[in-house]
Amino acid sequence: MTMDEACRIVGYNAQRYAIRNMTKALKMLRWRNTEEQETRLQAGLFVLRRWKKYQQACSDYRDNKFRRA
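As a starting point, this report considers the structure included with it. (Residues numbered from 1 in each chain as written. Predicted model: local features only at pLDDT ≥ 70, side-chain atom pairs only at ≥ 80, totals over all residues. Heavy atoms only, no water.)

1. Overview of the packing of helix H2 (residues 16-28) against helix H3 (residues 35-49)
Part 1: For the pair H2 and H3, the least separation of the axes is 9 Å and the interaxial angle reads 135 degrees. With respect to H3, the element H2 is oriented oblique. The hand of the H2/H3 crossing is left-handed. Of the residues in H3, those touching H2 at Arg16, Ile19, Arg20, Met22, Thr23, Leu26 and Lys27 are Gln37, Arg40, Leu41, Gly44, Leu45, Val47 and Leu48.
Part 2: A breakdown of the residues in the contact of H2 with H3 according to their chemical character gives seven nonpolar, three polar and four charged. (Axes fitted to C-alpha atoms, helices over the stretch in contact; angles between N-to-C directions. Helix = DSSP H or I, 4+ residues; strand = E, 2+ residues; numbered from the N terminus. Parallel < 35°, antiparallel > 145°, perpendicular 65-115°, else oblique. Left-handed = near helix turned anticlockwise from the far one by under 90°. Contact = heavy atoms within 4.5 Å. Nonpolar A, V, L, I, M, F, W, Y, C, P; charged D, E, K, R; others polar.)

Here it is as structure tokens:
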């Protein structure tokens, strides 16, 4: 998984506690997760492990978004 994929799945500029709570909830009954939920869990864990890079990716996305407009 790349940072761009993880950002698209988790969302840009999501707060850390929200991602942490999402991953915690998705870990509880993992056997009931659908493929989409499992992907969200993997993306959340990916982002939490690489928080500084996620923040930088969000900043880059925000800066490029306003430059295009």
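2. Thoughts on the side chain of Thr23
Part 1: Along the chain, Thr23 turns up in helix H2.
Part 2: Accessibility expressed as a relative area gives 4% for Thr23, which makes it buried.
Part 3: Among the polar contacts made by the side chain of Thr23, one reaches the main-chain carbonyl oxygen of Arg20 at a distance of 2.8 Å. (Buried < 20%, exposed > 50% of the residue type's maximum accessible area, 1.4 Å probe, protein only. Polar contact = N/O pair within 3.5 Å; in protein donor to acceptor, adjacent residues only side chain to side chain.)

3. Notes on the nonpolar core
Part 1: The biggest cluster of nonpolar side chains holds 16 residues, and the ones touching the most others in it are Met3, Val10, Ile19, Val47 and Tyr54.
Part 2: Counting only elements with at least two residues in this core, the list comes to helix H1 (3-10), H2, H3 and helix H4 (51-68).
Part 3: When residues in this core are grouped by element, the largest group, five residues, is from H3.
Part 4: Not counting the four nearest positions on each side in its chain, Met3 is found in contact with Phe46, Arg50, Lys53, Tyr54 and Ala57. (Core = buried A, V, L, I, M, F, W, Y, C linked by side-chain atoms within 4.5 Å.)

4. Some remarks on the packing of aromatic side chains
Part 1: Inspection of every chain in the model, using the stated rule, returns two aromatic pairs.
Part 2: A centroid spacing of 3.8 Å and a plane angle of 5 degrees characterise the contact between Tyr12 and Tyr61, whose relative ring orientation is stacked. Here Tyr12, found in the loop between H1 and H2, pairs with Tyr61, found in helix H4; they are 49 residues apart in sequence, far enough to count as distant.
Part 3: Take Tyr12: its relative accessible area is 28%, and that puts it in the partly exposed class.
Part 4: Ring centres of Trp51 and Tyr54 lie 5.1 Å apart, and the angle between their planes is 40 degrees; this geometry places the pair in the tilted category. With a gap of three residues between them, Trp51 and Tyr54 both fall in helix H4, about one helical turn apart. Just as Trp51 is buried, Tyr54 falls in that class too. (Phe/Tyr/Trp six-rings, centres within 6.5 Å; stacked < 30°, edge-to-face > 60°.)

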